[in-house]
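Examining the three-dimensional arrangement
Chain by chain, the residues run as shown.
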Amino acid sequence: MSPSRVAAFVAALPKVELHLHLIGSASLDTALALARRHPDGGVPTEREALRQYYAFTDFPHFLRVYERVNRLVTTAADVVTLLDGLAAELAARTVRYAEVQVTPVRNRMAGIGYAALAGALTEGRALARERHGVELGWVFDADALLGPDGAEETVDFAVGHRPEGTVGIGLGGPETGIHRADFAPAFRRARAAGLHSLPHAGETVGPDEVWAAVNELCAERVGHGIGAARDPRLLEHLAEHRIPLEVSPTSNLRTGAVRAIEEHPLPVLHAAGVPVTLATDDPGMFHTDLNAEYQLCHEVFGMTVPELAEIARTGARAAFCEPDLRDRILAEIDQVEGAAATNAG
Ligand SMILES: [Zn+2]
């Protein structure tokens, strides 16, 4: 199939996005609007300067910029602005459903009370559905830097406020020197309250932390998890227990988690039979979108149209959306793949 046909297929393919941070989703335009709304926030208010500000040198640099942009989000209206921009971007890439990682403790530290945050998420979710035709779910993400206490506070918010669309509890932030196992009590409490366990693990470190996410946090999906590629026994475990990895190739390249895109372990994970979904992580900051990630899998890893369709199906199956929506997305994927095969023939 010609490159333009593959691009057209990817653009038409209905998708879900299961690893996407609210703050990091901010497109340049949205970040610019927020920076100008809060000019004393230390984030450039000119487009070119902001673009340069978003050019990361490594993972710690990325975390510093992310934190600074987070501090611009100080009101419920800012959260709604982010969600409106995010939903528009998703709709433009034929994303039907997304699970958005929200870090309530960081929002609280930036000045948004929990009731206001819950209200803004509910408002933004309705707006995403009505204005953009995109369904959103929430993963309340604990920042590892804030330790187990921060995770407990995250669970308090998720369980206490439980805005409509609440799906699960996450764990993000730095991994070096921080052990997933320390967060087990908070995850246990979240799971007892019916929340799904969706931590990051093995983004910048090796398989041990992915094992810990699976064994100690009972992860139902793992954010990134690329460190698993170094451990055949772990790959077997993930494949056997159908634990999907939310893989974000461009993010891994931009943060320096992989040195070169050709060295990305996605083909290893895929070949081992591990369920792999594609995600953007922080599309605004990494200058990517979900179509670009699918396209990259074709161009760099040689994935075929049927393989790309299968990745989209894996995403739909791994999503914690309403069963009706999942069935609709899967039927639509079949339809678009069928049309592509007919055109190619
Ligand atoms: Zn992430």
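Let me begin by describing the structure that accompanies this report. (Residues numbered from 1 in each chain as written. Predicted model: local features only at pLDDT ≥ 70, side-chain atom pairs only at ≥ 80, totals over all residues. Heavy atoms only, no water.)

Per the counting criterion, the structure on display carries 24 salt bridges. Ionic pairing is found between Arg37 and Asp78, a salt bridge with its closest N-O pair at 2.5 Å. Here Arg37 is found in helix 2 (residues 28-37), whereas its partner Asp78 is found in helix 5 (residues 76-92), with 41 residues between them in sequence. By relative accessible area, Asp78 is classed as buried at 0%. Salt-bridge contacts for Arg221 lead to Glu99; the nearest nitrogen and oxygen are separated by 2.7 Å. Separated by 122 residues along the polypeptide, Arg221 in the loop between helix 10 (207-215) and strand 7 (222-224) and Glu99 in strand 2 (residues 95-102) bring together distant segments of the chain. As far as burial versus exposure is concerned, Arg221 and Glu99 are alike and both buried. Salt bridges sharing common partners tie together Glu310, Arg313, Arg317, Asp334 and Glu337. (Salt bridge = Lys/Arg side-chain N within 4 Å of Asp/Glu carboxyl O. Helix = DSSP H or I, 4+ residues; strand = E, 2+ residues; numbered from the N terminus. Buried < 20%, exposed > 50% of the residue type's maximum accessible area, 1.4 Å probe, protein only.)

Another aspect to go through is unusual backbone geometry. The backbone of Arg162 shows a phi angle near 35°, a positive value even though the residue is not glycine. Note on placement: Arg162 falls in the loop between helix 8 (147-160) and strand 4 (166-172). When its relative accessible area of 36% is taken as the criterion, Arg162 is described as partly exposed. You will see that His287, though not glycine, has its phi angle at about 50°, which is positive.

A separate point is the nonpolar core. Core analysis: the biggest nonpolar cluster contains 115 residues, and Phe9, Tyr54, Val79, Tyr97, Leu136 and Tyr294 have the highest contact counts within it. When sequence neighbours within four positions are dropped, the list of residues in contact with Tyr54 reads Ala26, Leu28, Ala31, Val65, Val69, Gly284, Met285 and His287. (Core = buried A, V, L, I, M, F, W, Y, C linked by side-chain atoms within 4.5 Å. Contact = heavy atoms within 4.5 Å.)

Coordination of the zinc ion by the protein comes from His19 (NE2), His21 (NE2), His200 (NE2) and Asp281 (OD), over a distance range of 2.1 to 2.3 Å. Here the zinc ion is ringed by 4 donor atoms whose angles at the metal span 84 to 171°, and the overall shape comes out irregular. Each donor residue of the zinc ion lies on the same chain, and together they follow the pattern H-x1-H-x178-H-x80-D. A residue pair is termed long-range when its members are at least 10 positions apart, and His19 in strand 1 (residues 15-21) and Asp281 in the loop between strand 9 (276-278) and helix 14 (283-286) qualify at 262 residues. Judged by its relative accessible area of 0%, His19 is buried. Classification of Asp281 as buried rests on a relative accessible area of 3%. (Donors = N, O, S within 2.8 Å, 3.2 Å for Na, K, Ca; no water. Tetrahedral: all angles 85-135°; square planar, octahedral: opposite > 155°, others 65-115°.)

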